[in-house]
Amino acid sequence: MSDDFLSRSRDKWRELPAGGEILGRAFSSDLLALDDASLMAQWQVMNEAARIPDVRGWFHCLYSDIFAGRRVIEVGSGFGFDGINFLAHGAHWTFSDLVLDNLNLVRRVVDHLGLGERASYLHVDNERSFAGLKSEPVDAIWAIGSLHHAPFDIARTETLDLLRHLKTGGRWIELTYPYERWLREGALPFSEFGKRTDGERTPWAEWYDLEKVKRRLFPSRTTTILDFTTGGGNFGWVDLRVDEINPDSVQSPEIALMGYPVTAMNQASLKASPSEWRLTCPPRIWWYGMSLGLAPAMQKLGSLPFPGLGYAVDLEIVVQSGSVGVVLAGEHVDDFVGRERVLDARPSTHRVTVMTYGAAKPSQLLVRNTMHGVASQVRIRSAVLRFAA
Ligand SMILES: C[S@@+](CC[C@H](N)C(=O)[O-])C[C@H]1O[C@@H](n2cnc3c(N)ncnc32)[C@H](O)[C@@H]1O
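Residues numbered from 1 in each chain as written. Predicted model: local features only at pLDDT ≥ 70, side-chain atom pairs only at ≥ 80, totals over all residues. Heavy atoms only, no water.

Engineer: Just checking my understanding: could you explain helix α1 (residues 2–12) for this structure?
Structural biologist: Each turn of an α-helix holds 3.6 residues, which means side chains three or four residues apart point in the same direction. Every buried residue of α1 is listed here: Ser-2, Phe-5, Leu-6, Ser-9, Arg-10 and Lys-12. Buried residues of α1 fall within an arc of 155° about the axis and therefore sit on the same side. Contact partners of the buried residues in α1: β1 (15–17), β2 (25–27), β5 (119–123), α7 (152–163) and α9 (190–198). (Buried < 20%, exposed > 50% of the residue type's maximum accessible area, 1.4 Å probe, protein only. Helix = DSSP H or I, 4+ residues; strand = E, 2+ residues; numbered from the N terminus. Arc of directions from axis to C-beta. Contact = heavy atoms within 4.5 Å.)

In structure tokens:
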């Protein structure tokens, strides 16, 4: 099944983004057919377009010094615009790709530029290819627009194998497609979303937010260094420090919370059905509107499988007016056990995760009004409790 999927992907990714967002796409086999001088001229044109500040320039600037003298594995290196830049600034770089021609092309450019000494290559022949990679422990994994093109389970298998090569304290850096982009472009099945983002022959594209990247690495523990949207709203950037590596294939159980009883607070209006909680908050800022007691769900979740993990609730919320805060708390409402997330009204659904600080046990999930002078209105459509790393 995954071999079939990856062979369809291989057929797609013979054709790659040709630099920036202006040059369209090009087939590596066409470039490989050129003589050296024409190939280098063409690659330089693409590279110039790719490295403008608003596309790759900013992150080349940010990471060139960080990677100098360090080892990095790149997942899905395409035409090599990133790896070749970082090689030129002193990194040791392993290029990997599904498509042999893509790697052959990068190797020709690297050799022509005299950078071959610190470069190595891995053909991703199947989803376990990274398990067979012979490499010294590396300082970073670099996956720019690659792993989100495979179904989560395949990408997770690759991720767990990659983690075995990463040093404790190493970085995990990804460019993703954000949840908001997926919603905006029609909330399509992932087998269709790729056609919208990358063209007709694309077998898959999956949205990611920070928490979904972390779920792929679970139960390895991470510290978030960067998490933001870039590229005019089309891309997500996630940079994690991996503090404790545990490439165990165990995944967290997930307890759906819709259907558990919720309580209105401070005369808020609350309508609960098994598929939705509709809340109109009290009209005063900071006043609580709703509490969901977590004791039965926490019991069902069970005890922490590893020390150092915490708890998280993933929510899908439509904020129709005003602004609300969502937070995990202990027995008393002001005893927050994690950071509150504040969500302003917008037409599309928010996907948000509230988490505990470390292993603090949450007793309740609270929703409160966070806008002055407005009785904020929300619909909560999904809430799932799980362990977080
Ligand atoms: C959109 S291109 C991005 C190429 C390059 N990273 C860049 O930023 O221009 C996607 C790349 O990811 C690779 N890829 C797709 N799925 C992959 C997977 N499951 N594992 C490894 N590489 C993959 C493709 O071969 C292709 O080179």
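Engineer: Mind showing me how you'd approach the site of the ligand here?
Structural biologist: In the vicinity of the ligand lie 17 residues, with Arg-56, Gly-76, Asp-97, Ile-144 and Glu-158 positioned nearest. Taking Arg-56, its side chain carries an N or O atom lying 2.8 Å from an oxygen atom of the ligand. Between the ligand and the protein, one listed contact pairs a nitrogen atom with a backbone N or O atom of Gly-76 at 2.7 Å. Burial of the ligand by the surrounding chains reaches 97%, relative to a free accessible area of 590 Å². Every element with two or more residues in the shell around the ligand is listed here: β1 and β3 (71–75). When grouped by side-chain class, the residues that make up the shell around the ligand number eight nonpolar, five polar and four charged. (Near = heavy atom within 4 Å. Polar contact = N/O pair within 3.5 Å; in protein donor to acceptor, adjacent residues only side chain to side chain. Areas by Shrake-Rupley, 256 points an atom, 1.4 Å probe, with all protein chains shown as cover. Nonpolar A, V, L, I, M, F, W, Y, C, P; charged D, E, K, R; others polar.)

Engineer: Help me understand the nonpolar core in this model?
Structural biologist: The tendency in soluble globular proteins is for nonpolar side chains to be buried side by side. Ranked by internal contacts, the top residues of the largest apolar core, which has 75 residues, are Phe-67, Phe-79, Trp-93, Phe-95, Trp-142 and Trp-172. Core analysis: the next-biggest nonpolar cluster, separate from the first, contains 37 residues, Tyr-260, Ala-268, Val-378 and Phe-387 among them. (Core = buried A, V, L, I, M, F, W, Y, C linked by side-chain atoms within 4.5 Å.)

Engineer: Help me understand the pairing of strand β15 (residues 310–321) in this model?
Structural biologist: Counting buried positions along β15 gives nine out of twelve residues, so the element sits mostly inside the fold. Relative to strand β20 (residues 377–388), β15 runs antiparallel, the two being bridged by eleven bridges. Among the inter-strand pairings, Glu-316 is bridged to a residue of β20, identified as Ser-382. As defined by bridge partners, β15 adjoins strand β18 (residues 350–355) across six bridges and the pair is classed as antiparallel. Note that in β18 the partner of Asp-314 across the bridge is Thr-353. (Pairing = 2+ DSSP bridges.)

Engineer: Would you mind going over the packing of helix α4 (residues 53–67) against helix α5 (residues 81–88) with me for this structure?
Structural biologist: Two quantities define a packed helix pair, namely the angle between the axes and the distance from one axis to the other. Remark: α4 packs on α5, axes separated minimally by 9 Å, with the N-to-C direction vectors making an angle of 40°. The angle between α4 and α5 falls in the class oblique. The element α4 and its partner α5 pack so that their crossing is right-handed. Packed against α4, whose contacting residues are Arg-56, Phe-59, His-60, Tyr-63, Ser-64 and Phe-67, the element α5 presents Phe-81, Asp-82, Asn-85 and Phe-86 at the interface. Tallied by class, residues from the contact of α4 with α5 come to five nonpolar, three polar and two charged. (Axes fitted to C-alpha atoms, helices over the stretch in contact; angles between N-to-C directions. Parallel < 35°, antiparallel > 145°, perpendicular 65-115°, else oblique. Left-handed = near helix turned anticlockwise from the far one by under 90°.)

Engineer: Would you mind going over the pattern of salt bridges with me for this structure?
Structural biologist: Side-chain pairing between opposite charges can occur once the charged atoms of the two side chains come close. Enumeration according to the criterion identifies 28 salt bridges in this entry. Linked by salt bridges that have partners in common, Asp-11, Arg-14, Glu-15 and Arg-201 make up one network. (Salt bridge = Lys/Arg side-chain N within 4 Å of Asp/Glu carboxyl O.)

Engineer: What is the right way to read the domain arrangement of the chain from this model?
Structural biologist: How large an interface is tends to be reported as the accessible area lost when its parts come together. Split by domain assignment, the chain resolves into domain 1 (2–244) and domain 2 (254–388). If you average the C-alpha positions of domain 1 and of domain 2, the two centres end up 35 Å apart. Contacts between the two partners involve ten residues from domain 1 and, on the opposite side, 16 residues from domain 2. The contact between domain 1 and domain 2 buries some 1100 Å² in all, and 58% of this surface belongs to carbon and sulfur atoms. At the junction of domain 1 and domain 2, the tally comes to four salt bridges. Here Glu-254 makes a salt bridge to Arg-215, at a shortest N to O gap of 3.8 Å. Where domain 1 meets domain 2, there are two residue pairs in polar contact (both at pLDDT 80 or more). (Domains from an automatic or database assignment. Buried area = accessible area lost by both parts, 1.4 Å probe.)

Engineer: For this particular structure, what's the right way to read the side chain of Thr-349?
Structural biologist: In this fold, Thr-349 is placed in the loop between β17 (341–344) and β18. Those residues in contact with Thr-349 that lie beyond four places of it in its chain are Tyr-179, Leu-183, Glu-316, Ile-317 and Val-318.

Engineer: Honestly, α9 in this entry has me stumped. Any pointers?
Structural biologist: Within the sequence span of α9, burial applies to Phe-190, Phe-193, Gly-194, Thr-197 and Asp-198. Seen along its axis, α9 keeps its buried residues to an arc of 105°; they face one direction. The secondary structure elements touched by the buried residues of α9 are α1, β2, α8 (179–184) and α10 (210–217).

Engineer: Looking at this model, I keep getting lost on the packing of aromatic side chains. Mind explaining?
Structural biologist: Two aromatic rings are characterised by how far apart their centres lie and by the angle between their planes. Counted under the stated rule, the structure contains 28 aromatic pairs. Ring centres of Phe-86 and Trp-93 lie 5.3 Å apart, and the angle between their planes is 25°; this geometry places the pair in the stacked category. Here Phe-86 and Trp-93 have matching classes, each one buried. With a centroid separation of 6.3 Å and an interplanar angle of 70°, the aromatic rings of Trp-93 and Trp-142 are classed as edge-to-face. Note that Trp-93 is positioned in strand β4 (residues 92–97) and Trp-142 in strand β6 (residues 138–144), a separation of 49 residues in sequence. With a relative accessible area of 1%, Trp-93 lands in the buried category. (Phe/Tyr/Trp six-rings, centres within 6.5 Å; stacked < 30°, edge-to-face > 60°.)

Engineer: Please explain a nonpolar patch on the surface as it appears in this structure.
Structural biologist: Where nonpolar side chains cluster on the molecular surface, the patch consists of Ile-22, Leu-23 and Val-45 and spans about 290 Å² of accessible area. Examined against the element boundaries, Leu-23 turns out to sit in the loop between β1 and β2. Owing to a relative accessible area of 36%, Leu-23 belongs among the partly exposed residues under this scheme. (Patch = residues over 30% accessible without salt bridge, like charges linked within 9 Å, V, L, I, M, F, W, Y side chains within 5 Å.)

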